[in-house]
Amino acid sequence: MSKKTLMAGNIAIAEGAILAGCQAYFGYPITPQNEILEHMSKRMPEEGRVFVQTESELAAINMVYGAAAAGCRAMTSTSSPGFSLEQEGISYMSGAELPGVIVNVMRGGPGLGNIGGAQGDYFQSAKGGGHGDYRVINLAPASVQEMMDLTMLAFELADKYRNPVVVLADGFLGQAMEPVVMREPVTELPSKPWAITGALGRAKNIINSFEMDPVNFPPRVKLLLRKFKKMRRNEVRYEGLNLGDASLVIVAYGSASRSALTAMKMARQEGIPVGLLRPITLFPFPYEALSNLAQRINDFLVAELSSGQFIEDVKLAVGLDKRVALVNQYGGVPLLAEEILEAIEKMIKQPVGG
Amino acid sequence: MTKFSISELDTVLYHRPESLEDYPFHFCPGCGHGIVFRLIAEIVDELNIKERAVCVACVGCSVNSYHYFNFDGLESAHGRAPAVATAIKRCHPHLVPFTYQGDGDLAAIGTAEIVHACARGENITTIFVNNAVYGMTGGQMAPTTLVGMYSTSTPGGRKPSLSGYPIRVCEMLSTLDGTAYVARVSVHNPAAVRKTKQAIKLAFRTQLANLGMSLVEVLSPCPVNWRLEPVKALEWLVKHMLPQYPLGEFKVIEAVAALKKGDRLCTKK
Amino acid sequence: MVVAQRPNLAYVIIDTERCKGCRLCISVCPKKIIGLASHINQMGYTPAVVIEEKAHECTGCTACAIMCPDTVISVYRCDRVPSKPAS
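Because the structure is a prediction, the values reported are computed rather than measured. Once a new chain begins, its residue numbering starts again from 1 and follows that chain's sequence as written. A letter from A marks each chain and a number from 1 marks each ligand, given out in the order of writing. Only residues with pLDDT of 70 or above have their local features reported here, since the model is predicted, and side-chain atom pairs are shown and tallied only from 80 upward, although totals for entire chains, interfaces and linings are computed over all residues. The side-chain values count all of the structure's non-hydrogen atoms but skip hydrogen atoms and water molecules.

For chain A, the count of helices and strands is 13 helices and 15 strands. Judged by the C-alpha coordinates and their principal axes, chain A covers about 70 × 50 × 40 Å. A buried classification covers 58% of the 354 residues belonging to chain A. Accessibility throughout is a Shrake-Rupley quantity obtained with a 1.4 Å probe, and a residue counts as covered only by protein chains that appear here. Surface exposure of chain A reaches about 14000 Å², of which carbon and sulfur atoms provide 55%. By definition, any uninterrupted DSSP run of H or I lasting at least four residues is a helix, any uninterrupted run of E lasting at least two residues is a strand, and each is numbered from the N terminus. Accessibility here uses a 1.4 Å probe with only protein chains present; expressed as a share of the type maximum, an area under 20% marks a residue as buried, one over 50% as exposed, and anything in between as partly exposed.

Given below as structure tokens:
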């Protein structure tokens, strides 16, 4: 059994980035993810890599843009209000085809909100919160191990598609501590001939997203859209538990899926055949997996830490003739397994169509 | 009229610098950007840093600057060029990134980025072209628009009671310890253009010697949005902008002064 | 490119098709040897040209080239060796 280390979620993200070969980290203090910034401020110089605490999240995302343009693996981490500030930069990165990892440890919102874990940034993050026709792969960890693993995967996918990738966690996962298997460091980084490294022995490289001529810009966007189509085809990831004999499926991601896991076990003890489908990628969303389930299952219970955002995609996937109920908390309050169990019991009591 | 060919024996006193693409500028007639671009290209040639120079463009009339230089270049979001350049320099210290920014880009939306790049003493160079208006968008008030000056968003002239006062960027930034060289120059006549070139060249040499942040503010005409003929625009610049924005060097740390002494000996043109 | 008659000290060449007629060169030339052309170029501007009769007064000071916002002016100094004018 490989050695495990007890680690907080935020630290697992930082160490995951370092293992993935992150050469430049730029961050700004914001609870509940300050530990990432603090850890990186110590570890990145230790590794001889770039670290800057910036004057704002605007500067942080634009430094990620600069480092990515220079061909380096780069990352920033923030929480909901800061993530809002970074949307323009993320749109520029997608438009200029730059890889980069943006970690969003969500907290209660809107506004200053509070610092408890939440999932209220779902629309902004999974649907793309900046301007223009672009999408961003969203990876949603549900354990401290996944905080490390999905951060590493984020760097890989960012380089694979030359597009920013978001790791969408929340304050509960960020602060929680769990045993983690340390992964092997990535040694081979992809070559980037397009990068800004100085026009030595080659023609100049230009990185931009600006195209004044309306005739020339759509073809560029078309290239991006082709990438997002490829992401939908190749990068959908989700976890399915007890779906075989399930008559009701809970759909949940991140922290909410942990409470759902416990609720599923409790329901099964009461003899209720409940399954769980946990999307790991929020874009590309596992529509197909859900619509397949919908061919034989009628009841879907969506558990989320937001006010009915994630549920929209579940409804989109399963269709309007299925029963899709919502059990949720928002504003930084955790969702307990008992609450989900109660919703399960209520749902199976109601006759279909009742 | 008799024609004669250029004899190869004739000495070239002035010609297009190599680092400038043979590509016509899109600027309006008499715009100062064209002069500053050419000076930068001359300096990149003279310092022989074409393989290391990186043009970090801003959003404004000079948004296409990376098309005009034939070395690496990239676009940055409005106001964020100093952050982009910071990352490039820290990732590849051998590169020579310079940000080319207008007054809207640097002194309005990008104020935090330029202040903190200076405060951190980033080893980058900023060329800040101040023409007192937002040119690309059609002549609105900029943070450097003079009191009483017309702009499309200060009809009847800028009134402090409504729109506050113009910002003197060099004076502000020279108080930050991270700055090694801060100077304000102008392009209102050939002598001033020569001084502009000297200042920009010294700024690049400051970066090459890793001495910290270098910034050169260039007062420049915007004939179309000032609603003046190019020649008249230069006269207006001298009469109205120079008093508000005095020329000179506002920060020259010792090490840069030493460079300057050496510079004076070998300045040809 | 139209080039003036060979002066004895230096001469200026203006790419009249790229000149935008901003007249900065005209205003800074110490010898006042640059004037406006009588034609309009492909961009619709009236370009600057060296005035025929005064071309020989050019000293090669490069003020015009330094002020040109479009880099359309090149300046050359004639060397002692007289070169044959093109027939």
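Read on for the rest.
All names here are of chain A. Should DSSP find at least two bridges between two strands, the strands are regarded as paired. Strand order in the open sheet formed by seven strands is β3-β2-β4-β5-β7-β6-β13, with mixed pairing between adjacent strands. Bordering the open sheet on either side are β3 (50–53) and β13 (281–283), each of which pairs with just one other strand. The mean inter-strand angle of the sheet, taken between neighbouring strand axes irrespective of direction, is 20°. As paired strands, strand β5 (residues 100–106) and strand β7 (residues 164–170) are joined by seven bridges and run parallel to one another. Bridge pairing links V105 to A169 in β7. Axes here mean lines fitted to C-alpha atoms, for a helix over just the part in contact, with angles spanning 0 to 180 degrees between N-to-C directions.

All names here are of chain A. Two elements in contact, helix α11 (residues 287–294) and helix α12 (residues 310–318), have axes whose closest approach is 7 Å; the angle formed by their N-to-C orientations is 55°. With respect to each other, α11 and α12 are oriented oblique. Read as a crossing pair, α11 and α12 show a hand that is right-handed. Within the contact between the two elements, α11 uses Y287, L290, S291 and A294 and α12 uses D313, V314, L316, A317 and V318. Gly is put with the polar residues, along with every residue not named as nonpolar or charged; the nonpolar set is Ala, Val, Leu, Ile, Met, Phe, Trp, Tyr, Cys and Pro, and the charged set is Asp, Glu, Lys and Arg. Residue composition of the contact of α11 with α12, grouped by class: seven nonpolar, one polar and one charged. Note that the term roughly parallel is reserved for angles under 35 degrees, roughly antiparallel for angles over 145, roughly perpendicular for angles of 65 to 115, and oblique for everything else. By definition, any crossing whose near helix is turned counterclockwise from its far helix by less than a right angle is left-handed, and any crossing with a clockwise turn is right-handed. Contacts were defined at the residue level, with two residues in contact if any of their heavy atoms lie within 4.5 Å.

Our next topic: the packing of aromatic side chains. Centre-to-centre distance and the angle between the planes together describe a pair of aromatic rings. Here is the rule: rings of Phe, Tyr and Trp (six-membered ring for Trp) pair when centre to centre is within 6.5 Å. Planes less than 30 degrees apart are stacked, more than 60 are edge-to-face, and the remainder are tilted. Counted according to the given criterion, the structure contains 22 aromatic pairs over all chains. Judged by centre distance (4.9 Å) and plane angle (15°), the ring pair of F69 of chain B and F71 of chain B falls under stacked. Using a relative accessible area of 0% as the deciding quantity, one classes F69 of chain B as buried. Counting every residue linked through ring pairs, the aromatic cluster contains Y23, F25, F27, F37, Y68, F69, F71, F98, Y100 and F204 of chain B. Remark: a charge is flagged as sitting over a ring if the NZ atom of Lys or the CZ atom of Arg is within 6 Å of the ring centre and within 35 degrees of the ring normal. The aromatic ring of W194 of chain A is capped on one face by R162 of chain A, whose charged end is 4.1 Å from the ring centroid.

What follows covers the pairing of strand β2 (residues 24–27) of chain A. Residue and element names in this part refer to chain A. Alternating positions in β2 separate into two faces, A24 and F26 on one and Y25 and G27 on the other, with burial throughout. In this structure, β2 lies alongside β3, joined through four bridges in parallel fashion. Looking across to β3, one finds that A24 is bridged to V50. With its strands directed away from the observer, a crossover is right-handed exactly when the path from the first strand over the helix to the second travels clockwise. Read from β2 through helix α2 (residues 34–46) to β3, the crossover connection turns out right-handed.

Counting residues in each nonpolar core, the largest one holds 124 residues, and the members touching the most others are F26, M40, M75, L290 and F300 of chain A together with L74 of chain B. Either an automatic procedure or a domain database provided the assignment from which the domain bounds are taken. Mapping this core onto the domain boundaries places at least three of its residues in each of domain 1 (4–234) and domain 2 (239–349) of chain A. Beyond its immediate chain neighbours, meaning those up to four positions away, F26 of chain A contacts V50, V52, T54, A60, M63, V64, A67, A74, M75, T76 and S77 of chain A together with A87 of chain B. What is meant by a nonpolar core is a set of buried Ala, Val, Leu, Ile, Met, Phe, Trp, Tyr and Cys residues, joined one to another through side-chain atoms within 4.5 Å. Judged by nonpolar contacts, the second largest core, of 67 residues, contains L47, F71, Y100 and V185 of chain B.

Moving on: the domain arrangement of chain A. Residue and element names in this part refer to chain A. Domain annotation of chain A identifies domain 1 (4–234) and domain 2 (239–349). Between domain 1 and domain 2, the C-alpha centre-to-centre distance is 28 Å. Contacts between the two partners involve 32 residues from domain 1 and, on the opposite side, 27 residues from domain 2. In total, domain 1 and domain 2 occlude about 2300 Å² of area from one another, counting both sides; carbon and sulfur atoms represent 55% of this. In terms of surface lost to domain 2, no three residues of domain 1 exceed Q119, Y122 and F123, which account for 31% of the buried area on that side. Throughout this description, the term salt bridge denotes a Lys or Arg side-chain nitrogen within 4 Å of a carboxyl oxygen of Asp or Glu. Counting every contact that joins domain 1 to domain 2 gives three salt bridges. The residue D313 makes a salt bridge to K127 at a minimum N-O spacing of 2.7 Å. Think of a polar contact as two N or O atoms within 3.5 Å of one another; within protein, one of them needs to be a possible hydrogen donor and the other a possible acceptor, and neighboring residues in sequence only count if both atoms come from side chains. The tally of links from domain 1 across to domain 2 stands at 15 residue pairs in polar contact (both at pLDDT 80 or more). Of all elements in the fold, only α6 (122–126), β6 (137–139), α7 (144–161), β7, α8 (171–175) and α9 (217–234) reach the threshold of two or more residues within the side of domain 1 that touches domain 2. Residue composition of the side of domain 1 that touches domain 2, by class: 17 nonpolar, eight polar and seven charged. In short, buried area is how much 1.4 Å probe accessible area vanishes from two parts on joining, totalled over both.

Let us now look at the pairing of strand β14 (residues 299–304) of chain A. Residue and element names in this part refer to chain A. Of all six residues in β14, six are buried; the element is thus mostly enclosed. Here β14 shows two buried faces, one formed by D299, L301 and A303 and the other by F300, V302 and E304. Examined bridge by bridge, strand β11 (residues 248–251) and β14 share four bridges and lie parallel to one another. Following the sheet pairing, V249 is matched in β14 by F300. Here β14 runs beside strand β15 (residues 323–328); their pairing, made up of six bridges, is parallel. Residue F300 lies in a different strand from β15, and its bridge partner there is V324. Regarding topology, α12 serves as the crossover connection from β14 to the parallel β15, and that connection is right-handed.

Right, let's get into the interface of chain A and chain B. Across the boundary between the two partners, chain A contributes 34 residues, which contact 36 residues of chain B. Of the roughly 2600 Å² buried at the junction of chain A and chain B (both faces included), carbon and sulfur atoms supply 62%. R202 of chain A is paired through a salt bridge with D72 of chain B; the nearest N and O atoms lie 2.6 Å apart. Counting the contacts that link chain A with chain B gives 19 residue pairs in polar contact (both at pLDDT 80 or more).

Residue and element names in this part refer to chain A. Read across the sheet, five strands follow the order β10-β12-β11-β14-β15 without closing on themselves; strand pairing throughout is mixed. Sheet topology places β10 (238–241) and β15 at the edges, where each strand pairs with a single neighbour. Here the average twist between neighbouring strands, direction ignored, is 20°. Strands in contact with α12 are β11, β12 (274–279), β14 and β15; relative to β14, the strand with the most contacts, it is inclined by about 160°.

Right, let's talk about unusual backbone geometry for a bit. Along the chain, T31 of chain A connects to P32 of chain A via a cis peptide bond; the corresponding omega equals 5°. Cis geometry marks the peptide bond from G109 of chain A to P110 of chain A; its omega dihedral reads 10°. Mapped onto the elements of the fold, P110 of chain A is located in the loop between β5 and α6. If you check the backbone angles, R227 of chain B has positive phi at about 60° while not being a glycine. Relative to the elements of secondary structure, R227 of chain B occurs in the loop between α9 (223–226) and α10 (230–244). Residues other than glycine seldom take positive phi values, yet R23 of chain C does so here, at roughly 70°. Mapped onto the secondary structure, R23 of chain C falls in the loop between β1 (10–14) and α1 (24–28).

Side-chain pairs of opposite charge can arise where the charged atoms are in close proximity. Residues and elements named next belong to chain A. Across all of its chains, the model carries 33 salt bridges over all chains by this definition. With its nearest N and O atoms 2.8 Å apart, the salt bridge here joins E47 to R43. Under the relative-accessibility criterion, E47 is labelled partly exposed at 36%. The buried category is assigned to R43, whose relative accessible area is 14%. Taken together, the shared-partner salt bridges connect E15, K42, R43, E46, E47 and R49 into one network.

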